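Below are the chains, spelled out letter by letter.
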Amino acid sequence: MSRLVDYFVIVGFDHEKERGGLNSGVVLQRFPETNWDDTPFHDGIGWFCQPQGWALSTERTEPRFYVSVLTDVDANRHYCACLCFNETVAITPTKPADEDEESLESSRPVSNITHHSIMYAPKCLVIVSRQDYIDTFRNCLGIIYTVWVENLGVPLETLVGNLVGGVLVPDAGGPQVRFSIGAGDRQALQPPAAPPMPVTHTAVYMLLRLLGIHNSVTLWCAVMSEHKVLLVSLAAARLAAACRALAALMFPFRYAHVYIPLLPAGLAEVLATPTPFLIGVHSSLKEEVSELLDVIVADLDVGSLHIPAGVNIPRPEGKLLSSLQEALALVLQPELRSADSAFAPPPPASSLPHMLDKEIRAVFMRTLAKLLQGYRHCLTIIRIHPSPVLTFHKMGFLGARGLSACQFAVRLLDSMFFNGLVAERGPPWRATDIWDELVQNLPEQLRLEALNPELELQHIQDLAMQLHLNENPNPQAFQQRILRPPEGASSRIHQPPLPPLDAARVRDVMREVQARTSQTKLSALRPPQARIVPPAAPPTGATEYNHLLLTNSARRLEVLRSCIAAIFECRYADARKSFPGVLRALRAPGARHALVRDLAARLPSNKHLLHHHQFELVVR
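Reference entry: report on the structure contained in this document.

Scoring rules and cut-offs
- Residues numbered from 1 in each chain as written.
- Predicted model: local features only at pLDDT ≥ 70, side-chain atom pairs only at ≥ 80, totals over all residues.
- Heavy atoms only, no water.
- Helix = DSSP H or I, 4+ residues; strand = E, 2+ residues; numbered from the N terminus.
- Expected span 1.5 Å × (residues − 1).
- Bend = angle between axes of the 7 residues up to and from the residue.
- Buried < 20%, exposed > 50% of the residue type's maximum accessible area, 1.4 Å probe, protein only.
- Pairing = 2+ DSSP bridges.
- Axes fitted to C-alpha atoms, helices over the stretch in contact; angles between N-to-C directions.
- 1 Å grid on protein atoms, 1.4 Å probe; cavity = no way out; pocket = protein on both sides within 12 Å on 5 of 7 lines; lining within 4 Å.
- Points joined across faces, edges and corners; volume = space filled by probe spheres on them.
- Nonpolar A, V, L, I, M, F, W, Y, C, P; charged D, E, K, R; others polar.
- Parallel < 35°, antiparallel > 145°, perpendicular 65-115°, else oblique.
- Left-handed = near helix turned anticlockwise from the far one by under 90°.
- Contact = heavy atoms within 4.5 Å.

**Observations regarding helix α5 (residues 203–224)**
Now for step 1: Between its terminal C-alpha atoms α5 stretches only 18 Å, short of the 32 Å expected from 22 residues at 1.5 Å a residue.
Now for step 2: Where α5 bends most, the angle comes to about 110 degrees, and this point is Gly212.
Now for step 3: With 18 of 22 residues buried, α5 is to be regarded as a mostly interior element.

Encoded structure:
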C-alpha cells in the first residue's frame, strides 16, 4: 500500500525573468517540503507545467488540465498532473533608462497618476505521483480550484493536507478505496487486478479512430521495431492518450526507451537524440520537426503519417499481417460480415467505446502470440541462483517458425523489449497472467477457427472481456460526487489571486491524517500464486510457410532450372525476366537445395571462370 500523491506543488510566473531570458516558472510552494530532489521533476517542473512556455497574456483563458510523464533512472514512471489557470496582475510601464533629461522634463506628468496595464499570468496546481490514476488527479485538482474560486469556506490547507497525507492506494488486486479530501466530495479508487497489465480506458480506440487501421498498424510496427516516433496534436490529452495506447499495444513487452508524451517547447533539442523514442509535441512545433530525417511523424488531428524516405519500417509478412488488418476491420466495422448478403440481417449493435478498446487490444495480443508461438521451447536456463538467467536460441526459433526472412520478427527478437520479456517471463516457476493463458490456448483456438471462422470474433471478445475485468474488477457501481465550478467562473473580473497556503497548518493536517490512517488497515492481499508455466506448443510453421511459398513446386523448380540454364548459356535477358519468381522460390529451403545441386552439376571442378554478368546473377 502506498500514498496516492507524492507532492502537491504550486508553480507560478517568474516575474524576475519577465523582461529578459527564458521564463520557466518558479515553484512557489510544495508539500511535503522534504526529499524533493529525489523526483525527476525537481529541476524542470516549470517546463512541464507550461509546455508552450510561461508568458503574460492580454486575454483570460479557460483552465486546462494535462499530464506529463517522466522516467527516472530505475525506469519508474512519474506522473505530473497540472491544472493551469490565469491570475490578474498589474503591470506598471517603466521609462527607458537612456532618455535624456530634456525628454524626461517635457514628458513628466503634472499629477501623481500611475498608469497600469491589466495582464494575466499563468499559475499551476500540480500533483506529482508514481501512481497512474489520471482521472482522480483531475478530480482532486478540480475540487481545490472550485473551493478557491467559489469561496466555499473550506480551508485550502485542509484539502491539500488530506490529499497528500490521507489517501492510500492498495497494490494491484486490492479492494476499492473510497475517500474524501474534505470538501463534501465522494471519490473512489479501484486498482487493477493484475499489475503488469496496462490500463487504457478508451485510449486505444481513440488512436484507431484518429489514424485509421493502416496508419495505426504501421505506427505500431515502427514502435515494435525501435524507430523514432513523434506524435503531433493541438491537444495535450490526445498526445498522452496516444502514447499510452501505443505502449499498451506492445503488451507483453514494455517500452524501454525515451517516453515523453508531452515534450515542452523549450526542450525540443531532445528530438535530436540518437536513441529510439516515443514523444508527443504540440502542433506549433510541426514545422521544426519536419526537418528531422529519421523520425516518423504522426499528426493525430489530421490523421496523417509521414515516413521519411530513408526509413524502412518492417512489417509482419504474409498471413500474419493480413489477419491482423482483417480482424481490426471486423471489430471496428462488424457490418462487414453481412454487407454482401442478399437478405442482409439487421446491422449488429456496435460495442461501447471501452469494450472496443479492449477488443482492439485483444487483436494485437493475439497477433504477438501467433508470432511468438512456441518461444518458450527455445529458452535455456544457464543459472538458477541467486536469480535465474536465461538465454534464447533466436536462430533455432526463426528456423523452426520459417521466419528467417521476416525482418519484423528479426528486429523484434533483437530488441531490448524481447530481452526484457525473456528476463521477466522466462523463468518456468512464477505467477501467470492473461498472456500465459493466451499462449497456452492459442493453438487450439486457431484449430477451431480454421473449422469455423465465426469463432475468431468470439475468441477476441472473450479475451477483451478479460482485459475489461482487469481494469474493472469491482462490479459494484459507486456514485461519485465531484465539485465543479459553474460555467463562466474563470472569466470573473474581480477574482482575487490564489492566497499562499499556511505551511504549518498543512503539516498539522498531514500529521493528523497520517496518524488516523496508520490505524486503518486494509484486508491483507493474497499475492498471486506461483506455478509451473506450461511450455505450450513447440515452434512450428516452417512447413506451412514453405508450402505457401512453393505452391505448384514442380513448376517453380522448373523456372529455377531454366533461369540457371539461361545464365550459363549467356541469355541474360531471359534470366532477368524470370528473376522475381526465382527469388521468391529461393525463400524455401527446398528450392535452395535444388539451386546448389544444379550449380554443382554445371561446374566440372572447384575452379570455374564466370563472365561478369554470370557472376552477378549467380550471386544474386
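**Structural notes on the pairing of strand β16 (residues 389–392)**
Now for step 1: Here β16 shows a buried face lined by Leu390 and Phe392 and an unburied face lined by Val389 and Thr391.
Now for step 2: Pairing of strand β15 (residues 379–383) with β16, which is carried by 4 bridges, proceeds in the antiparallel orientation. Paired with Thr380 across the strands is Thr391, a residue of β16.
Now for step 3: Between the antiparallel neighbours β15 and β16 lie 5 residues.

**A few points about the sheet that holds strand β13 (residues 295–299)**
Now for step 1: Read across the open sheet, the 5 strands follow the order β11-β12-β10-β13-β14; overall the sheet is mixed. Either end of the sheet is taken by a strand with one partner, and the two such strands are β11 (258–260) and β14 (304–306). Going from strand to strand, the sheet's axes swing by 20 degrees on average, the running direction of each strand aside.
Now for step 2: With 3 bridges joining them, β11 and strand β12 (residues 277–282) adopt parallel strand pairing.

**Here's the deal with unusual backbone geometry**
Now for step 1: Between Phe31 and the following residue, Pro32, the backbone shows a cis peptide bond with an omega angle of -10 degrees.
Now for step 2: Tracing the sequence through the fold places Pro32 in the loop between β3 (26–31) and α1 (45–49).
Now for step 3: Along the chain, His385 connects to Pro386 via a cis peptide bond; the corresponding omega equals 0 degrees.
Now for step 4: Within the secondary structure, Pro386 sits in the loop between β15 and β16.
Now for step 5: Positioned with a positive phi, Glu226 is a non-glycine residue whose angle comes to about 60 degrees.
Now for step 6: By secondary structure assignment, the location of Glu226 is in the loop between α5 and β10 (228–233).

**Looking at empty space enclosed by the protein**
Over the atoms rolls a probe the size of a water molecule, and its path tells where empty space is left.
Now for step 1: Overall, the coordinates contain 4 cavities of 30 Å³ or more when judged by the stated rule.
Now for step 2: Lining the largest cavity are 15 residues; nearest its centre among them are Arg60, Asn86, Tyr145, Ser490 and Gln495.
Now for step 3: For the lining of the largest cavity, the secondary structure elements donating two or more residues are β5 (77–91) and α3 (134–150).
Now for step 4: Element by element, the count of residues in the lining of the largest cavity is highest for β5, at 4 residues.
Now for step 5: When the residues that make up the lining of the largest cavity are grouped by side-chain class, the tally is 7 nonpolar, 5 polar and 3 charged.

**Points about the packing of helix α8 (residues 319–332) against helix α9 (residues 353–371)**
Now for step 1: The interhelical angle for the contact between α8 and α9, taken along N-to-C directions, is 165 degrees, at an axis separation of 10 Å. Between α8 and α9, the angle falls in the class roughly antiparallel. Where α8 crosses over α9, the two elements pack in a sense that is right-handed. Across the interface between the two elements, Leu320, Ser323, Leu324, Ala327, Leu328, Val331 and Leu332 of α8 pack against Leu356, Glu359, Ile360, Val363, Phe364, Thr367, Lys370 and Leu371 of α9.
Now for step 2: Among the residues forming the contact of α8 with α9, the class breakdown is 11 nonpolar, 2 polar and 2 charged.

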